[in-house]
Amino acid sequence: MILITHALTGAVIGKNLNNPALIILLSLIFHFLMDTFRHGEYVEVFSKNTSIKNSGWKVGLDLSAGALIIFFVARLSYLDEKTMANIWLGAFFSVLPDFITALYWKFRWRFLQKYYTFHSWLHKYPRLSPEREWSLRNSFNDIWMSIVAIILLLLH
Ligand SMILES: [Zn+2]
């Protein structure tokens, strides 16, 4: 899933719950659950070893677009400061699992290896398979989940 979809889902969790620990836990669980759905990925890899090439700007764009959508949607709903803090908390912990994976790609820290294997295992289709290509067909789940999340953020 792209970071926009993850961040928006975390924002919905944060908006609807008051307990920070629960927001963090659910945001993480939802991230892993959503990763089991079919989705395309824009991070290009050289090989199955997942060395990434110039994907930094795409990640930056994905992340800022997510933050901007949350910011504007929250503005439209006139949410109070406490709810906003919970929304950002949920959004942060919803994208964290992919950030940890990126750390593993970059630094190959051994203590992250088990986590990395788990995160990859959740993905039903292997890397470099057609089902993980960056295409409109493969973005279907990202699109509907993001739309539902935006609607839920706007609803009172
Ligand atoms: Zn993930």
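One can find the structure itself at the top, above this paragraph.
A few points on the structure. Here the structure is a predicted model, which means the values were calculated and not measured.

Examining the pattern of salt bridges
Here comes step 1: The full count for this structure, using the stated rule, is one salt bridge.
Here comes step 2: With a shortest N-O distance of 2.8 Å, E41 and R132 are connected by a salt bridge. With E41 in the loop between α2 (20-35) and α3 (56-76) and R132 in the loop between α5 (113-122) and α6 (140-154), this residue pair connects regions lying 91 residues apart in the sequence.

A word on the coordination of the zinc ion
Here comes step 1: Each protein donor to the zinc ion is listed here as H31 (NE2), D35 (OD), D98 (OD) and H119 (NE2); together their distances run 2.0 to 2.2 Å.
Here comes step 2: Relative to the metal, the four donor atoms surrounding the zinc ion lie at angles of 85 to 175 degrees, and the coordination shape comes out irregular.

Observations regarding the packing of helix α1 (residues 3-16) against helix α4 (residues 81-107)
Here comes step 1: Contact pair α1 / α4: the axes reach a minimum separation of 7 Å and the direction vectors enclose 140 degrees. Here α4 runs oblique to α1, going by the angle between their axes. Relative to α4, the crossing made by α1 is right-handed. Within the contact between the two elements, α1 uses L3, H6, A7, G10, A11, G14 and K15 and α4 uses T83, N86, I87, G90, A91, S94, V95 and D98.

Describing the environment of P130
Here comes step 1: When you line up the elements, P130 lands in the loop between α5 and α6.
Here comes step 2: Judged by relative accessible area, P130 falls into the exposed class, the value being 53%.

A look at the nonpolar core
Here comes step 1: Among the nonpolar cores identified, the biggest contains 22 residues, and A7, L8, A11, Y42, I70, I87 and L153 are the most heavily contacted of them.
Here comes step 2: Where this core is concerned, the elements lending two or more residues are α1, α3, α4 and α6.
Here comes step 3: Sequence-distant contacts of Y42, defined by excluding residues within four places in its chain, comprise I2, L3, S55, K58, V59, D62 and W134.

The rules behind each value
- One numbering rule holds for all chains: residues counted from 1, following each sequence as written.
- It should be noted that, the model being predicted, local features are given only for residues of pLDDT at least 70 and side-chain atom pairs only at 80 or more, the latter also being counted only at that level, while totals for whole chains, interfaces and linings use all residues.
- The side-chain figures draw on all heavy atoms in the structure; neither hydrogens nor water molecules are used.
- Salt bridges, as used here, are contacts in which a Lys or Arg side-chain nitrogen is within 4 Å of a carboxyl oxygen on Asp or Glu.
- Strands here are runs of E lasting at least two residues and helices are runs of H or I lasting at least four, both read from the DSSP assignment and numbered beginning at the N terminus.
- Atoms of type N, O and S within 2.8 Å of a metal are treated as its donors, and for Na, K and Ca the window is 3.2 Å; water is not considered, so some sites may appear to be missing partners.
- Every geometry call rests on angle ranges, with four donors termed tetrahedral when all angles are between 85 and 135 degrees, four termed square planar and six termed octahedral when opposite donors are over 155 degrees apart and all others are between 65 and 115, and everything else termed irregular.
- In this description, a line fitted to the C-alpha atoms serves as the axis of each element, helices being fitted only across the stretch in contact, and the angle between N-to-C directions of two axes falls anywhere from 0 to 180 degrees.
- In these notes the angle categories are as follows: under 35 degrees is roughly parallel, over 145 is roughly antiparallel, 65 to 115 is roughly perpendicular, and the rest is oblique.
- Crossing handedness: left-handed means the near helix sits turned counterclockwise from the far one by under a right angle, and right-handed means the same turn made clockwise.
- Any two residues whose heavy atoms approach within 4.5 Å at even a single point are treated as in contact.
- Any residue under 20% of the maximum accessible area for its type is buried, any over 50% is exposed, and the rest in between are partly exposed; the area is computed with a 1.4 Å probe on protein chains only.
- To qualify as a nonpolar core, a set must consist of buried Ala, Val, Leu, Ile, Met, Phe, Trp, Tyr and Cys residues joined through side-chain atoms within 4.5 Å.

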